[in-house]
Amino acid sequence: MKRRTLINYAAVGAASATVTACTNVSGPAVQGGALPTVRWNMATSWPISLDTIFGGAKTICDRLKEMTGGRFTITPFPAGELVPPLQVFDAVQGGNVEVGHTASYYYVGKNPALGFATSMPFGFTAQQQNAWLYQGGGLDAIQKIYADFGVINFPAGNTGTQMGGWFKREIKTVADLKGLKMRIPGIGGEVMNRLGVNVQVLPGGEIYLALERGAIDAAEWIGPYDDEKLGLHKATQFYYYPGWWEPGPTLDVLVNRAQWERLPKEYQEAFKTATYEANATMLAQYEARNGEALKRLVAGGTKLTAYSKEILQTAQKTAFELYEEKAAQNPSFKAIYEPWKAFREQIYQWDKLNELSFNNFATS
């Protein structure tokens, strides 16, 4: 670990000790009827240059400050400032930082069921994901998983259906995937691995250099707006769609459970409201911005290419074989997967009737 990171960990730990005293509900400020002053830090997995995804973290912090009259403030830090971008979960769990903004599927190595919190290949669109989380029991199920780690999570952003990644050469068949070195995390990465891809997990800020220097042959990130900002079109030529592994990925805010339980009820409710706003705002921003960014990319020479039916069908079959295997091996995965699959069948049938039929006509 770098010396700077060690220093930051120590500084954040000292800040946490101060906050613990502030959030003690038996303290004199609470006894006197006034809400305490709370100062937290938020580690994120995102570069500050990605204003939409890092903006999700900022939305939470800004709204929380406004709703509490400045009594409860959280300072968001870009990836690497407090902790490495793929270690946000560990920092929150260990109490080195009170809260983090990240993607749960980065941590499927801890429990594969965490993939459901973000997105599963051939799973839910953003609207369907929100329906499952908020009305289908999904959030309660995910929070039970996180409880085992001393963490509580809340949905706090969604990118909408993502693109299918950048490739240095055309990918026409499943055979063309074999041997490719590709940046792709989560369960989607496991599916790609079974299709012959050499999977790598890199934070967003490292993707361009890895592509440009030939360390990887392909990479997925989010979609046109952010991909353009990262400069991925400068290192590759072929831009594939759809992102079948992330049809509607949720980003999570993770809170150290001990710190969460020290908060007054009023602050907990304000926090949850701020995460709702971040969840809705981020999706709206991406939906509004991606189309214009895609036009610029195509005008600049990017070759927009659809995945073949063979690749999609094979990937879907492989994904559900993987789910069945994990359900047989992991009780916590099975406990989420079976109701998730039933909810998927129900909501797919409904959206096929209403939204899909309308979209097919309106866009034809």
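Predicted model only: the values in this text are computed from it and were never measured.

The rules behind these values
Residues numbered from 1 in each chain as written. Predicted model: local features only at pLDDT ≥ 70, side-chain atom pairs only at ≥ 80, totals over all residues. Heavy atoms only, no water. Helix = DSSP H or I, 4+ residues; strand = E, 2+ residues; numbered from the N terminus. Rg over C-alpha atoms; globule rule 2.2 N^0.38 Å. Buried < 20%, exposed > 50% of the residue type's maximum accessible area, 1.4 Å probe, protein only. Expected span 1.5 Å × (residues − 1). Contact = heavy atoms within 4.5 Å. Phe/Tyr/Trp six-rings, centres within 6.5 Å; stacked < 30°, edge-to-face > 60°. Lys NZ or Arg CZ within 6 Å of the ring centre and 35° of its normal. Pairing = 2+ DSSP bridges.

Right, let's talk about the overall build of the chain for a bit. Looking only at helices and strands, one finds 14 helices and eleven strands in the chain. Relative to the compact-globule value of 21 Å for 364 residues, the chain shows a C-alpha radius of gyration of 21 Å, a close match. Oriented by its inertia axes, the alpha-carbon framework of the chain measures out at about 70 × 45 × 40 Å. For the chain, with 364 residues in total, the buried portion stands at 53%.

The next thing to look at is helix H13 (residues 309-329). With 21 residues, H13 extends 30 Å between its outermost C-alpha atoms, agreeing within 8% with the 30 Å of an ideal straight helix rising 1.5 Å per residue. All of the buried residues along H13 are Ile311, Ala315, Thr318, Ala319, Phe320, Leu322, Tyr323, Lys326 and Ala327. Tucked inside the fold, the buried residues of H13 contact helix H8 (186-194) and helix H14 (331-362).

To continue, consider the packing of aromatic side chains. Evaluation of the coordinates by the stated rule reveals 32 aromatic pairs. On the basis of an interplanar angle of 85° and a centroid distance of 6.1 Å, the ring pair of Tyr106 and Tyr107 is categorised as edge-to-face. Note on Tyr107: relative accessible area 3%, which makes it buried. Its guanidinium or amino end placed over the ring of Phe89, Lys110 lies 5.0 Å from that ring's centre, counting from NZ or CZ.

One open sheet holds the six strands; their spatial order is E7-E6-E8-E5-E9-E11, and the pairing between them is mixed. Lying at the two open borders of the sheet, with one neighbouring strand each, are strand E7 (198-200) and strand E11 (303-306). Both strand E6 (residues 181-183) and E7 contribute to a ladder of three bridges, which runs parallel. Bridged to Lys181 within E7 is Asn198.

A few words on the side chain of Gln128. Tracing the backbone through its elements, the reader meets Gln128 in helix H6 (residues 126-135). A relative accessible area of 6% means that Gln128 is categorised as buried. Setting aside anything within four residues of it in sequence, one finds Gln128 in contact with Gly123, Phe343, Ile347, Tyr348 and Asp351.

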